[in-house]
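Structural description and commentary
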Amino acid sequence: MKTAETSDLAERLDRILPQTQCGQCGFDGCRPYAEALAHGAADIDHCPPGGDAGARALAKVLGVMAKPYDRSRGTHTPREVAFIIEADCIGCTKCIQACPVDAIAGGPKFMHTVLADLCTGCALCVPACPVDCIVMQPPSASHPAATATAPG
């Protein structure tokens, strides 16, 4: 049963979460995890992208004792975004299908590209790529293909 109070709490919790939509928490995205937290159906330690700081912030809002995030769910890393090495892309669209936030543009048999401003860094596109042409990099890093082909 949804009440206005749990809905407001879920909204507050969702704003704390990193919005990677990666599923490492065991839910289909940050909002479902926030709703489970608000209903007492999940613990604060399920989000590797949020790390220990995220778990502490969730604990504070929920008024529960803080604890570190569950390392068995994944490793906390600095934010990264996907980059497609365009020269290697075969246009299979598997990365597009795997992306939970529609941050990849392209069509069948055409080279794809990541819209870095939309990419959450979930890395779900990486294992989906059959030719391993997707790499995760810090958002400010230049595209690997661009650095490989730059005139020198």
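The paragraphs below set out a description of the structure included in this document. Values in this document were obtained by computation on a predicted structure and should not be read as measured data.

The subject of this paragraph is the overall build of the protein chain. Summing up its helical and strand segments, the protein chain has six helices and four strands in all. In terms of overall dimensions, the protein chain has C-alpha extents of about 55 × 30 × 25 Å along its principal axes. In the protein chain, which comprises 152 residues, the share counted as buried stands at 38%. Nonlocal contacts in the protein chain, meaning residues at least 24 apart in sequence, comprise 55% of its contacts between residues at least 6 apart.

Following the sequence through the fold, L17 ends up in the loop between α1 (4-16) and α2 (30-38). For L17, a relative accessible area of 6% gives the class buried. Through-space distance from the C-alpha of L17 to that of T93 is 28 Å; in sequence the pair is 76 residues apart. Contacts of L17, omitting those with residues within four sequence positions, involve C30, Y33, A34, C47 and L58.

Taken together, the buried positions of α2 are C30, Y33, A34, A36, L37 and A38. Contact partners of the buried residues in α2: α1 and α3 (51-62). Once α2 ends, the next one or two residues include G40, with phi positive near 75 degrees.

Take the layout of surface pockets next. Within this model, the largest pocket holds a volume of roughly 290 Å³. Class assignment of the residues belonging to the lining of the largest pocket gives a composition of eight nonpolar, six polar and two charged.

On to empty space enclosed by the protein. In this approach the atoms are scanned with a rolling probe the size of a water molecule, which exposes any empty space left behind. On inspection of all chains with the given rule, the structure shows three cavities of 30 Å³ or more. In this model, the largest cavity occupies a volume close to 80 Å³. Contributing to the lining of the largest cavity are 13 residues, with C99, A103, C119, C122 and C125 lying nearest its centre. A breakdown of the residues in the lining of the largest cavity according to their chemical character gives eleven nonpolar, two polar and no charged.

Attention shifts here to the packing of α1 against α2. At a minimum axis separation of 8 Å, α1 and α2 run at an interaxial angle of 130 degrees. Considering their axes alone, α1 and α2 lie oblique with respect to each other. The two elements α1 and α2 meet at a crossing, and its hand is right-handed. Contacts from T6, S7, L9, A10, E11, L13 and D14 in α1 reach C30, R31, A34, E35, L37 and A38 in α2. When the residues that make up the contact of α1 with α2 are grouped by side-chain class, the tally is seven nonpolar, two polar and four charged.

As a further point, take the side chain of T20. Within the secondary structure, T20 sits in the loop between α1 and α2. You can call T20 buried: its relative accessible area is 9%.

Before going further, it helps to spend a moment on the pattern of salt bridges. One pass over the structure, following the stated rule, counts eight salt bridges. The salt bridge partner of E11 is R15, with a shortest N-O separation of 3.8 Å. A residue pair is termed a helical-turn pair when its members lie 3 or 4 positions apart in one helix, as E11 and R15 do in helix α1 at four residues. Look at E11 and you get partly exposed, because its relative accessible area is 33%. Here E11 ties to R31 by a salt bridge, and the two come within 2.7 Å at their closest N and O atoms. In this pair, E11 sits in helix α1 while R31 sits in helix α2, placing the two residues 20 residues apart along the sequence. Several salt bridges converge on common partners, so that one network encompasses E11, D14, R15, R31 and E35.

Definitions and limits used
- Residues numbered from 1 in each chain as written.
- Predicted model: local features only at pLDDT ≥ 70, side-chain atom pairs only at ≥ 80, totals over all residues.
- Heavy atoms only, no water.
- Helix = DSSP H or I, 4+ residues; strand = E, 2+ residues; numbered from the N terminus.
- Buried < 20%, exposed > 50% of the residue type's maximum accessible area, 1.4 Å probe, protein only.
- Contact = heavy atoms within 4.5 Å.
- 1 Å grid on protein atoms, 1.4 Å probe; cavity = no way out; pocket = protein on both sides within 12 Å on 5 of 7 lines; lining within 4 Å.
- Points joined across faces, edges and corners; volume = space filled by probe spheres on them.
- Nonpolar A, V, L, I, M, F, W, Y, C, P; charged D, E, K, R; others polar.
- Axes fitted to C-alpha atoms, helices over the stretch in contact; angles between N-to-C directions.
- Parallel < 35°, antiparallel > 145°, perpendicular 65-115°, else oblique.
- Left-handed = near helix turned anticlockwise from the far one by under 90°.
- Salt bridge = Lys/Arg side-chain N within 4 Å of Asp/Glu carboxyl O.

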